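Fold and contact review
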Amino acid sequence: MGAPDAQEPHDPRDPQTPAGPLATAGTLRAISDELSDRFYERDDVVRTLVVTLLAGQHSLVLGPPGTAKSEMARELTRRIEGASYWEILLSKFTAPTRMFGPIDVAALTRGEYRQVYDGRATTAHVAFIDEIFKCSAAALNETLGYLNERIYHPENGGAPIPCPLIGAITASNELPSGEDLAAIYDRLLVRIEVGYLSDPSNFAALVRSAVGRPAAPKRTTVELAALRQAVVEAVPAVEVPDVIVDAVCTLRAALRRKELVASDRRWRQSVGLLQASAYLEGRPAVAETDLSVLTHVLWDSPAQRPTVEREVLQLVNPDAKEALDLADTMDELEAQLDAMAGQSREALSEWVITKAHNKLATAGRRLEKLREEAAGAGRSTAAIDRVSGRQRAVRVRVLTEALGMDASMVQSQL
């Protein structure tokens, strides 16, 4: 018989589980896992969106149309019980009243100027703003005030209206142009790139999902009050050890040597992301592995992101940095395959035998070893797993396009 004060471990999926910081973190991890299962190749995107909300910050999802940007935002918000969600697709002609509240026509006929705020950005806990950089000049100042201070200044000049916004998820197909839009871009602390599916097996699963009848997925939810408590109290209470402060200073110096300079404000706000990352994992203090989230913070253009990622991983996860070097090998092989389009099957087969096969096999073995070492040391394997997926995707392309193997046969061998 156990000690009288022994307790069963909390299960965040159990509605009878007592509420509390650790239970909320567990619930959010479960939500993140479920969404990662639903959206192929979006594990890191989903986790980063959750971390950004926990830090009370705003995010930008940058990528082409049809990459599930809006659906991820909607599905994440659906898991927050009691949260008000608002979304809009902006254009150069979007008026501020369409975002923050239309004019009350009935009141206007009585000589009163009022706006109707229900169902607009003014009442949302989570907002999704698509094509954020198409914000009209008329709505620019109101949008900045909304993102910066969570307030809206009514058009009639009345008192500012506080908004309950926890965080905005924004999306765009392109980067901003012009100084006015640069102000909005700067307020989006987290910037995440997404692209079309790269792994053929994930693409095949996506196609099958369009014609099949999958079982209803698990739908873990979190109460709005619990999420707010985490954002306001639990996340800021996470300890930031001196070793992490030193690591951030080292990272800043390394990036400056690469002529990548982020503002002091951006660095300061990043501390909240580190705390949110640690909280999500149920840790009372920030660890070096949490620094990985900074790969989505410290670049201005997508061309800079690989450099930032390498510098971050060099600092916190050297085995993951080697995995990124192996990703370069995958890029080179894929570029060679593209360049050989139209060549004979004999030429393609010779290329596979003399070059591609050995490089792919060597990379695969090394990635497996790196993952074992990282897992054994308690380090994150996310970057290694991502490169491993890339290695599998390139291998499938080589076998199907260069050797002419049937795709279903290739998938059965993976």
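Let me sum up the structure you'll find in this document. (Residues numbered from 1 in each chain as written. Predicted model: local features only at pLDDT ≥ 70, side-chain atom pairs only at ≥ 80, totals over all residues. Heavy atoms only, no water.)

**Remarks on the packing of aromatic side chains**
- Per the counting criterion, the structure on display carries 4 aromatic pairs.
- Between F100 and Y146 the ring centres are 5.5 Å apart and the planes differ by 75 degrees, which places this aromatic pair in the edge-to-face class. Of this pair, F100 sits in helix 4 (residues 96-100) while Y146 sits in helix 6 (residues 137-149); the two residues are 46 residues apart in sequence, bridging distant segments of the chain.
- Taking relative accessible area as the criterion, Y146 reaches 1% and is therefore assigned buried.
- Here F100 and Y152 contribute two aromatic rings whose centre-to-centre distance is 4.6 Å and whose plane-to-plane angle is 10 degrees, an arrangement assigned as stacked. Residue F100 is found in helix 4, and its partner Y152 is found in strand 5 (residues 151-152); the two are separated by 52 residues along the sequence. Note on accessibility: F100 and Y152 belong to one class, buried.
- Put simply, the rings of F100, Y117, Y146 and Y152 pair up and form one aromatic cluster. (Phe/Tyr/Trp six-rings, centres within 6.5 Å; stacked < 30°, edge-to-face > 60°. Helix = DSSP H or I, 4+ residues; strand = E, 2+ residues; numbered from the N terminus. Buried < 20%, exposed > 50% of the residue type's maximum accessible area, 1.4 Å probe, protein only.)

**Overview of the side chain of T48**
- The residue T48 is located in helix 2 (residues 43-54) in this model.
- Using a relative accessible area of 2% as the deciding quantity, one classes T48 as buried.
- In this structure the side chain of T48 is engaged in a polar contact, spanning 2.7 Å, whose partner is the backbone oxygen of D44.
- What T48 contacts, discounting residues up to four positions off in sequence, is V190, I192, V293 and H296. (Polar contact = N/O pair within 3.5 Å; in protein donor to acceptor, adjacent residues only side chain to side chain. Contact = heavy atoms within 4.5 Å.)

**Describing the environment of K369**
- Looking at the secondary structure, you find K369 in helix 14 (residues 345-376).
- Note on K369: relative accessible area 41%, which makes it partly exposed.

**Observations concerning the packing of helix 12 (residues 305-316) against helix 13 (residues 318-339)**
- Between helix 12 and helix 13, whose axes approach to 6 Å, the crossing angle comes to 145 degrees. Residues E309, R310, L313, Q314 and V316 of helix 12 lie in contact with helix 13, whose contacting residues are P318, A320, K321, L324, D325 and D328.
- Considered class by class, the residues forming the contact of helix 12 with helix 13 number 5 nonpolar, 1 polar and 5 charged. (Axes fitted to C-alpha atoms, helices over the stretch in contact; angles between N-to-C directions. Nonpolar A, V, L, I, M, F, W, Y, C, P; charged D, E, K, R; others polar.)

**Some remarks on the packing of helix 10 (residues 242-257) against helix 12**
- Close contact between helix 10 and helix 12 brings their axes to 10 Å; oriented N to C, the two are set at 145 degrees. Seen along the crossing, helix 10 lies across helix 12 with a hand that is right-handed. Facing A247, T250, L251, A254 and L255 of helix 10, the residues of helix 12 in contact are V308, E311, V312 and L315.
- A per-class count over the contact of helix 10 with helix 12 returns 7 nonpolar, 1 polar and 1 charged. (Left-handed = near helix turned anticlockwise from the far one by under 90°.)

**Structural notes on the environment of T97**
- Checked against the element boundaries, T97 lands in helix 4.
- Measuring from C-alpha to C-alpha, the distance between T97 and N148 comes to 19 Å, with 51 residues separating the pair along the chain.

**Considering a negative patch on the surface**
- Judged by side-chain charge, D33, D37, D43 and D44 come together as a negatively charged surface patch.
- Contributions of two or more residues to the negative patch are made by helix 1 (21-38) and helix 2.
- Mapped onto the elements of the fold, D43 is located in helix 2. (Patch = residues over 30% accessible without salt bridge, like charges linked within 9 Å, V, L, I, M, F, W, Y side chains within 5 Å. Areas by Shrake-Rupley, 256 points an atom, 1.4 Å probe, with all protein chains shown as cover. Salt bridge = Lys/Arg side-chain N within 4 Å of Asp/Glu carboxyl O. Lys, Arg positive; Asp, Glu negative; His and termini not counted. Charge placed at Lys NZ, Arg CZ, Asp CG, Glu CD.)

**Brief notes about the sheet that holds strand 3 (residues 85-89)**
- Spatially, 5 strands are ordered 3-4-7-1-8 in an open sheet, and the strand pairing comes out parallel. Looking along the sheet, the strands with just one partner apiece sit at the ends: strand 3 and strand 8 (190-193). Strand-to-strand twist of the sheet, defined as the mean angle between neighbouring strand axes without regard to direction, takes the value 15 degrees.
- In terms of strand pairing, strand 1 (residues 59-62) meets strand 7 (residues 167-172) through 4 bridges, oriented parallel. Looking at strand 7, one finds that S59 is bridged to I169. (Pairing = 2+ DSSP bridges.)

**Side note on the nonpolar core**
- Ranked by size, the top nonpolar core spans 113 residues in total, and within it L28, L54, Y146, Y279, L294, L298 and V398 carry the most contacts.
- Sequence-distant contacts of Y279, defined by excluding residues within four places in its chain, comprise P21, T24, A25, L28, L54, A230, A234, V235 and V238. (Core = buried A, V, L, I, M, F, W, Y, C linked by side-chain atoms within 4.5 Å.)

**Section: the pairing of strand 7**
- Strand 7 sits mainly inside the fold: 6 of its 6 residues count as buried.
- Taking every second residue as pointing to the same face, both faces of strand 7 are buried, with G167, I169 and A171 on one and A168, T170 and S172 on the other.
- Relative to strand 7, strand 4 (residues 126-130) is paired through 5 bridges, and the arrangement is parallel. The residue of strand 7 that forms the bridge with I129 is T170.

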